[in-house]
Amino acid sequence: MKKFFTSALFKGLVWQVIGFFIGASLVTGIRALMGLSTTDTFFFTEPAWVLGSFIGAISFLVGCGVTDDWIKWARGIETHDEHEEHWHGWEKFINVSFDHKVIGIQYTLIALALLAIGGTFALIFRTELAASQLQFLTTEFQLFGQNGPQLYNTLMSLHGIVMIISILLGISGIINYAVPLLIGAADMSFPRLNAFSYWIAVPAAVTLISSLFLGGFDTGWTGYPPLSSRAPVGMQMFFMGVFIAGWSSILGALNVVVTVIRMRAKGMAAMKMPIFVWASLATSIIAMTATQFIGLAFQLVMFQRLFGMGFFDPSKGGNPVLFQHLFWFYSHPAVYVFILPGLGVISELLPVFVRKPLYGYRWIAMSSIGIALVGFVVWAHHMFTSGMNEYLRVPFMYSTLLVSVPTGVKFFSWVATMWKGKISTPTPMLFVLGAIIVFLMGGLSGPPHATVSTDLHLHDTYFVVGHFHDTIFGGFVFPFFAAIYYWFPKATGRRMSEFWGKVHFWLMTPSFFVLTFGMMYVGLLGMRRRIADYDPALGLDTAHLVLTIGAFLIALSVLIFFINFFYSIKNGEKAEGNIWESRSPEWQVPSPMSLHNYPTPIEVVGEPYDYGLKDAPYTRFAPASKGKGKH
Amino acid sequence: MSHSQNKSAALMQGVIIFIYLTALTILEYFVAVAFDAVPLLIVVAIAKAALVLYYFMHIYKLNETDSDTNHDSYAYKTITNRLGLWLFLLSDSFVFAGLLVMRSNLLGLTRPELNQVLGLGVTAVLLISSFFMNRGELLMAHGDVKGFMRNTVITFILGLGFLLGVVLLEWRIAAHEGLTADFGNPVTGPVGGVFYMMTGMHAFHVFTGLIFLAVVWNNARKGLYTAEQHWGVEAAAVYWHFVDLVWIFFYPALYLIGTAVSAH
Ligand code: HEM
Ligand SMILES: [Cu+2]
């Protein structure tokens, strides 16, 4: 326990609270001097909450020590790179480390924590939906300054955004852990920036979740004005939390791009990079640029609320549709940020368990980049009913349908890779197969939304909800689990239980289909999305009850995963060798990896996915050369 | 001998580019006054931006190949750092692009009624600061630390002048003329909010640039930079020029394009 109280995490949190009070008191003081009100429903006034939470986040970063070296640089003091590990055991993960492997695991852990929190929110409101009429989130019910239906809205909105942040951190986790290993680097290009990108996500998550206690917000994760310009203070915490988390995404992605360009092993030409590296590159290019737009859009609403600058307020000459454009210019590409790494995991792992070369390597590599680029010009397909100019509908319909082409390329490659392969199905492979099927369902339910004539009916129904759960589970959740089962032994030297892994899979997959097909079904029958209650006359009670049971079964399977995960860290079966018989360089050295990864530099001498070919290695250890030092 | 020739040629180039930029700015101003030709204004702004990108920010350096392949060498790290910095600027430029999108969506062919003399004044000050910044970086590249520090001080003072000119003078005058942030005035509509948002975001970047300048000045004073190793100086200079680059687009967007909406 003492170790916890001296950890960077704890220090950071304490400083965040202190920083918050400094910022909030500052605003309160100034307001008092100006003769404005100094208290409000949640004690502080809204401007005080906003500035306080911002200063709190900065204080966290300075307080936890991740900026120490930069401050030294600014003062002209030299710093030295670590050559041995400072912390041991679990302490590594609550203290500042510059090692990409530790940071990757830190990201994964916080992503799992948020997954659990967001999932709990979902279970609560899913329970309310199990039958028509309000059962426990009634209008008399009061919690955190919200009545039942308001709390429903807050939980629904928080579920969405917490899950999205969890996805962003989850992909950062896999990318951080795997990319430097896959390209044979000792670390990322900017290790301090890397640590910073992780640590900034912690105060962001705290800020985001604090909105639950500050009146919540009822806009959904999209935060559209005019509703978001009127919602309680919790709305501001939502905007601020996402804004700060956005910086994690931007800076982390920048680091990945530079690392992939600058740190590859000798001989690793672009067309010899592992597919997962291509996918990470494509994802990072989007995250690095488009994220600024959501940051800006959210800032504008924050200012609209604070200073009355009515950017999106029609009564003041503003334009609410502008918000939607700015928002979706990020948030559509963002859905590719969510899935491209996952699709990369599928392509990366499939050949390992099929023992065959990946079919159409070049096409897959290019399809990731293609999806990333086309993804920038489809955003307004979320706005067919928004009242934007009608002539915009047609070009956006076609550009959206165009994205299916590079996506389809991936499916062809996966199927062709599996064709006549020697398929084995350990847990990671099960999740890969699950991902392919689930993502296919997501992909097939997309075009009905992309087509204007059908979307006008489907928009804002549960059909959309079913669609994006399929894409997100297929593109992120299943591959994320696959990646964890696959690289867990690399990180810990032990493997997770196969038996419980299989239970996890066989429980989660069917329940998941019940859930999403059920969502599409009730959606087609007229169930609106983002609503606490529905008319019994719709006749959807039974369907909703089944959906809720499905949701609880998924939660149970994830609980099994969590237990398996934490139990196996210490007690799993030992697995220090190349247990998957992978060709990838990280599996050619014993697990867990040492601090600077490879004992001697690696060199690429073949193709990454020549499974089944004899004497065709992908990499080898370079003969020790003089004067090249640690690399 | 050839070394100092190089140096004076490079300094001369800085002067010539500055003269071009000044000429283009004057041209821009008169184009706006005389014809109100938006496409022409955009062309001029792009021409100015290209000059800054190439001659002041040295974007071509991104093409440099590694002279030293040892990943731990200063030369290798500098090229990596440079890539990182430019990607950051690319990312940051999306913020400004977003603001320009907002401006064109909300204001179209109208603009706030602003003090033109002050606008041209602060624009000139920022442009001149870029000139001195470039000069300082060049001197540093030739090992002249004192010269670098001198020019950085001038840049800093001009930058501060710009910042105060916008935030203290321009904002105050605009507010006095009835341009309020809260769009309150039904005649001016959203112009006030757009104006304060855009200039505010830019001013924030100028402010961070000033901090950056102070840091490299201080480190130069401590003797941390040499002709061969001065990545910090390069980064500060490129960032400073970037801030100027943004203003190259913001100035016409706020002061020149379209017809002014008076608050009265
Ligand atoms: C073939 C590929 C896809 C097509 C054609 C497609 C099309 C669409 C369209 C048109 C909508 C808007 C529906 C509406 O609101 O009326 C939508 C919503 C959505 N899609 Fe997709 N999509 C595809 C793939 C994906 C992927 C890969 C993801 C994420 C990983 C995704 C996540 C979402 C999300 C989150 C929403 C709901 C947004 C909201 O909250 O309003 N989609 N999709
Ligand atoms: Cu979309």
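The structure this text deals with has already been given above.
Residues numbered from 1 in each chain as written. Chains lettered and ligands numbered in written order. Predicted model: local features only at pLDDT ≥ 70, side-chain atom pairs only at ≥ 80, totals over all residues. Heavy atoms only, no water.

## Points about the coordination of the iron atom of ligand 1
Right, so step 1: On the protein, His-467 of chain A (NE2) is the one donor atom to the iron atom of ligand 1, at 2.2 Å.
Right, so step 2: The metal-metal distance between the iron atom of ligand 1 and the copper ion (ligand 2) is 4.7 Å. (Donors = N, O, S within 2.8 Å, 3.2 Å for Na, K, Ca; no water.)

## A short note on the interface of chain A and chain B
Right, so step 1: The partner chain B presents 38 residues to the 39 residues of chain A that form the contact.
Right, so step 2: Each partner contributes to the roughly 3100 Å² buried at the junction of chain A and chain B, and carbon and sulfur atoms together form 68% of this total.
Right, so step 3: Here chain A and chain B share one salt bridge between them.
Right, so step 4: Among the salt bridges present, the one from Arg-262 of chain A reaches Asp-66 of chain B, with a minimum N-O distance of 2.9 Å.
Right, so step 5: One can count nine residue pairs in polar contact (both at pLDDT 80 or more) joining chain A with chain B.
Right, so step 6: Elements represented by at least two residues in the side of chain A that touches chain B include exactly helix 4 (68–74), helix 8 (234–262), helix 9 (275–307) and helix 10 (320–354) of chain A.
Right, so step 7: Here the side of chain A that touches chain B takes nine residues from helix 9 of chain A, the largest share from any one element. (Contact = heavy atoms within 4.5 Å. Buried area = accessible area lost by both parts, 1.4 Å probe. Salt bridge = Lys/Arg side-chain N within 4 Å of Asp/Glu carboxyl O. Polar contact = N/O pair within 3.5 Å; in protein donor to acceptor, adjacent residues only side chain to side chain. Helix = DSSP H or I, 4+ residues; strand = E, 2+ residues; numbered from the N terminus.)

## Topic: the environment of Ala-491 of chain A
Residue and element names in this part refer to chain A.
Right, so step 1: When you line up the elements, Ala-491 lands in helix 16 (residues 462–492).
Right, so step 2: Overall, the relative accessible area of 28% leaves Ala-491 in the partly exposed class.
Right, so step 3: On a C-alpha basis, the gap between Ala-491 and Asn-389 in space is 52 Å, while along the polypeptide they are 102 residues apart.
Right, so step 4: Once residues within four sequence positions are removed from consideration, Ala-491 is found in contact with Ile-105, Tyr-177 and Pro-592. (Buried < 20%, exposed > 50% of the residue type's maximum accessible area, 1.4 Å probe, protein only.)

## Quick look at the coordination of the copper ion (ligand 2)
Right, so step 1: Protein-derived ligands of the copper ion (ligand 2) are His-332 of chain A (ND1), His-381 of chain A (NE2) and His-382 of chain A (NE2), with the metal-ligand distances lying across 1.7 to 2.0 Å.
Right, so step 2: Judged by relative accessible area, which is 12%, His-381 of chain A ranks as buried.

## Things to note about unusual backbone geometry
Residues and elements named next belong to chain A.
Right, so step 1: Across the junction of Pro-225 and Pro-226, the peptide omega takes the value 5°, indicating a cis bond.
Right, so step 2: By the secondary structure assignment, Pro-226 is in the loop between helix 7 (191–210) and helix 8.
Right, so step 3: Here the amide bond leading from Ser-591 into Pro-592 is cis, since omega sits at -15°, within 30 degrees of zero.
Right, so step 4: Residue placement: Pro-592 occurs in the loop between strand 4 (573–574) and strand 5 (602–604).
Right, so step 5: Even without being a glycine, Phe-144 presents a positive backbone phi close to 50°.
Right, so step 6: In this structure, Phe-144 sits in the loop between strand 1 (142–143) and strand 2 (146–147).
Right, so step 7: Its relative accessible area of 32% is what places Phe-144 among the partly exposed residues.
Right, so step 8: The backbone of Asn-597 shows a phi angle near 70°, a positive value even though the residue is not glycine.
Right, so step 9: As for its placement among the helices and strands, Asn-597 is situated in the loop between strand 4 and strand 5.

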